Amino acid sequence: MAGVTDRAFRNLCRKLGAGLAVSEMTISDARFWNTEKSRTRMDHHNEPGPISVQIAGSDPQLLAQAARHNVALGAQIIDINMGCPAKKVCKVDAGSALLRDEALVERICRAVVAAVPVPVTLKIRTGWSRAERNAVTIAGIAQDAGIAMLAVHGRARDDHFVGAAEYETIAAIKQAVKIPVLANGDIDTPQKARQVLAETQADGLMIGRAALGRPWIFRDIAHYLATGTTLAQPSSTQVGNWLLEHLDALYELYGEVQGVRIARKHIQWYCVDHAGSEAFWHSVNRLDRMAEQRAVVAEFFGAPELSIAA
Ligand SMILES: Cc1cc2nc3c(=O)[nH]c(=O)nc-3n(C[C@H](O)[C@H](O)[C@H](O)COP(=O)(O)O)c2cc1C
C-alpha cells in the first residue's frame, strides 16, 4: 500500500502474523529510481523474507527492467500492480487501467515473468467497470503467461472504494484457474475472513485498510481460522509497545524529521478507538522531535517504561 507498507510496517505485520507483506509500489520508469524516496522503498536491509516488491507501469520492457532491478536489490517475489485506481497511475494507463487492454496484460505478464528467476504475482480488480468485469479472462491470461499467484480486490476500477466488495467474481476466478488466488476487499474481522474464504474458496486472504493501526489483525485472523476461537484484544499497554516498536523502525528508516512526520498518520490510526484520541492526536501533530513523540505516545497508551528509545 503506497505510503503505508514501508519496511517498518511490513516487518511489524510479519511479526504479528502476516504471511506476506508486499512493498509499496515502485514506478517502472528508471528515471524515478534515484530519488531518496525510491531508494528507501527499495532498501530491504534486515527484512525477513519472502520479500515481495510491487511494480507499476504500462510498458512491458520497462516493467521487465524494473523487475530485474528489484530482484538485484533483494526482491524474492515481483508483484505487478493492475489494481490501483489512482488517477496518477491510471492516466498513464497503468494500475487497473490495464485491465481494459487484455493483449497488453498478456505482454506485460510474459515480459516480467521472462525477465526474472523469481515468482511473479499479479494484483487485479474485477475489471475496469462493473459492466466490463473481465477478471476471469485476465486471470486465465495471467496463468498462461506464467503468473504464480493472483490477488483480487473484489471491486471494479470504477467503484474506487465505494460500495461493498463482491466476492462472486473472486469465486469464479478461483474456479477458473489452478494458480493460488488471494481474496481481497473489506476483510476486517476474523469472522469476515472465514466468511470470505468460504464464499470464494480462495487460497488465502489479503488485508489492506483493516491493518492500519491494527497490525495484530493478522494474528487474530490466523488464530481464529486455526481454532475457531477469538483472541482477547490486546491491552492498551501492548498496543503502545507495538506502536513504539513501529515508531522506532520509522525513525531508523527515515531519520528524525521525516520519521516523525510519517509516524503521525500511523499514531492517528492506532489511537482511533481509544478515549481522548482526538485531543491526543492534535497534540501529537505539533511535536517535531522523536523523543517527544515517543514520550507522549508511551504515556497515552500506558507504556511509560518504554518512553526512552533503546
Ligand atoms: C492508502 C492505500 C494505498 C494503497 N496502495 C496500493 C498499492 O500501492 N498497490 C496495490 O496493489 N493496492 C493498493 N491499495 C489497495 C489495497 O491493496 C486493497 O486492494 C484495497 O484497500 C482493498 O482491500 P481492503 O478492503 O482490505 O483495504 C491501497 C489502498 C489504500 C487504502
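None of these values were measured; they are calculated from a predicted model.

Rules used throughout
- Residues numbered from 1 in each chain as written.
- Predicted model: local features only at pLDDT ≥ 70, side-chain atom pairs only at ≥ 80, totals over all residues.
- Heavy atoms only, no water.
- Axes fitted to C-alpha atoms, helices over the stretch in contact; angles between N-to-C directions.
- Helix = DSSP H or I, 4+ residues; strand = E, 2+ residues; numbered from the N terminus.
- Parallel < 35°, antiparallel > 145°, perpendicular 65-115°, else oblique.
- Left-handed = near helix turned anticlockwise from the far one by under 90°.
- Contact = heavy atoms within 4.5 Å.
- Nonpolar A, V, L, I, M, F, W, Y, C, P; charged D, E, K, R; others polar.
- Near = heavy atom within 4 Å.
- Polar contact = N/O pair within 3.5 Å; in protein donor to acceptor, adjacent residues only side chain to side chain.
- Areas by Shrake-Rupley, 256 points an atom, 1.4 Å probe, with all protein chains shown as cover.
- Core = buried A, V, L, I, M, F, W, Y, C linked by side-chain atoms within 4.5 Å.
- Buried < 20%, exposed > 50% of the residue type's maximum accessible area, 1.4 Å probe, protein only.
- Domains from an automatic or database assignment.
- Pairing = 2+ DSSP bridges.
- Right-handed = clockwise from strand over helix to strand, strands pointing away.
- Arc of directions from axis to C-beta.
- Phe/Tyr/Trp six-rings, centres within 6.5 Å; stacked < 30°, edge-to-face > 60°.
- Lys NZ or Arg CZ within 6 Å of the ring centre and 35° of its normal.

A. Region of interest: the packing of helix H10 (residues 236–254) against helix H11 (residues 256–271). Where H10 meets H11, the closest approach of the two axes is 8 Å, and the angle between their N-to-C directions is 155°. Of the possible angle classes, the one that applies to H10 and H11 is roughly antiparallel. Relative to H11, the crossing made by H10 is right-handed. Counted together, Val239, Leu243, His246, Leu247, Leu250, Tyr251 and Tyr254 of H10 and Glu256, Gln258, Gly259, Val260, Ile262, Ala263, His266, Ile267 and Tyr270 of H11 form the full contact between these two elements. The residue inventory of the contact of H10 with H11, partitioned by class, reads eleven nonpolar, four polar and one charged.

B. Fine view of unusual backbone geometry. Residue proline 50 is bonded to the preceding glycine 49 through a cis peptide linkage, with omega at -5°. Mapped onto the fold, proline 50 is located in the loop between helix H2 (36–41) and strand S2 (52–56). In this model, aspartate 186 sits at a positive phi of 65°, which is unusual for a non-glycine residue. With respect to the helices, strands and loops of the structure, aspartate 186 is situated in the loop between strand S6 (181–184) and helix H8 (190–200).

C. Representation of the site of the ligand. Of all residues adjacent to the ligand, which total 14 residues, the nearest are Gln54, Asn184, Asp186, Gly208 and Arg209. Measuring from a nitrogen atom of the ligand, one finds a backbone N or O atom of alanine 2 at 2.9 Å. The separation between a nitrogen atom of the ligand and a polar side-chain atom of asparagine 81 is 3.3 Å. Bound to the protein, the ligand loses 84% of the 610 Å² it would expose on its own. Partitioned by chemical class, the residues of the shell around the ligand number five nonpolar, six polar and three charged.

D. Geometry of the nonpolar core. Among the nonpolar cores identified, the biggest contains 84 residues, and Met82, Leu122 and Ile124 are the most heavily contacted of them. Counting residues per element, this core draws most heavily on H10, at nine residues. If you count residues domain by domain, this core takes at least three from each of domain 1 (7–211) and domain 2 (236–306). Ignoring sequence-local partners within four residues, the contact set of isoleucine 124 consists of Met82, Gly83, Leu99, Ala135, Ile138, Leu150, Ala151, Val152, His153 and Ile173.

E. Summary view of the pairing of S6. The side-chain alternation of S6 yields two buried faces, one formed by Val181 and Ala183 and the other by Leu182 and Asn184. Bridge count between strand S5 (residues 149–153) and S6: four bridges; the pairing is parallel. Across the sheet, residue leucine 150 finds its bridge partner in S6, namely valine 181. As a crossover connection, the stretch from S5 through helix H7 (residues 168–176) into S6 is right-handed. As paired strands, S6 and strand S7 (residues 204–206) are joined by three bridges and run parallel to one another. For leucine 182, the partnering residue across the bridge sits in S7 and is glycine 204.

F. Representation of helix H12 (residues 277–285) in the model. Among the residues of H12, Ser277, Phe280, Trp281 and Val284 are the ones counted as buried. Looking straight down H12, one finds that the buried residues subtend no more than 100° of arc, so they occupy a single side. More than 90 degrees from the buried face of H12, the exposed residues found are Glu278 and Ala279. Where H12 is buried, its residues meet H11 and helix H13 (290–300).

G. Region of interest: the packing of aromatic side chains. All told, the structure shown has four aromatic pairs when counted by the stated rule. On the numbers, 5.5 Å between centres and 25° between planes, the contact of tryptophan 216 with tryptophan 242 is stacked. Of this pair, tryptophan 216 sits in the loop between S7 and helix H9 (217–227) while tryptophan 242 is found in helix H10, placing the two residues 26 residues apart along the sequence. With respect to burial, tryptophan 216 and tryptophan 242 carry one shared label: buried. Measuring from centroid to centroid gives 5.1 Å for phenylalanine 300 and phenylalanine 301, while their planes differ by 85°, and the two rings are edge-to-face. Using a relative accessible area of 24% as the deciding quantity, one classes phenylalanine 300 as partly exposed. By way of ring pairs, the aromatic residues Trp216, Trp242 and Tyr270 are connected into one cluster. Its guanidinium or amino end placed over the ring of tryptophan 128, arginine 100 lies 3.7 Å from that ring's centre, counting from NZ or CZ. Taking the ring centre of phenylalanine 161 as reference, the NZ or CZ of arginine 125 above it sits at 5.4 Å.

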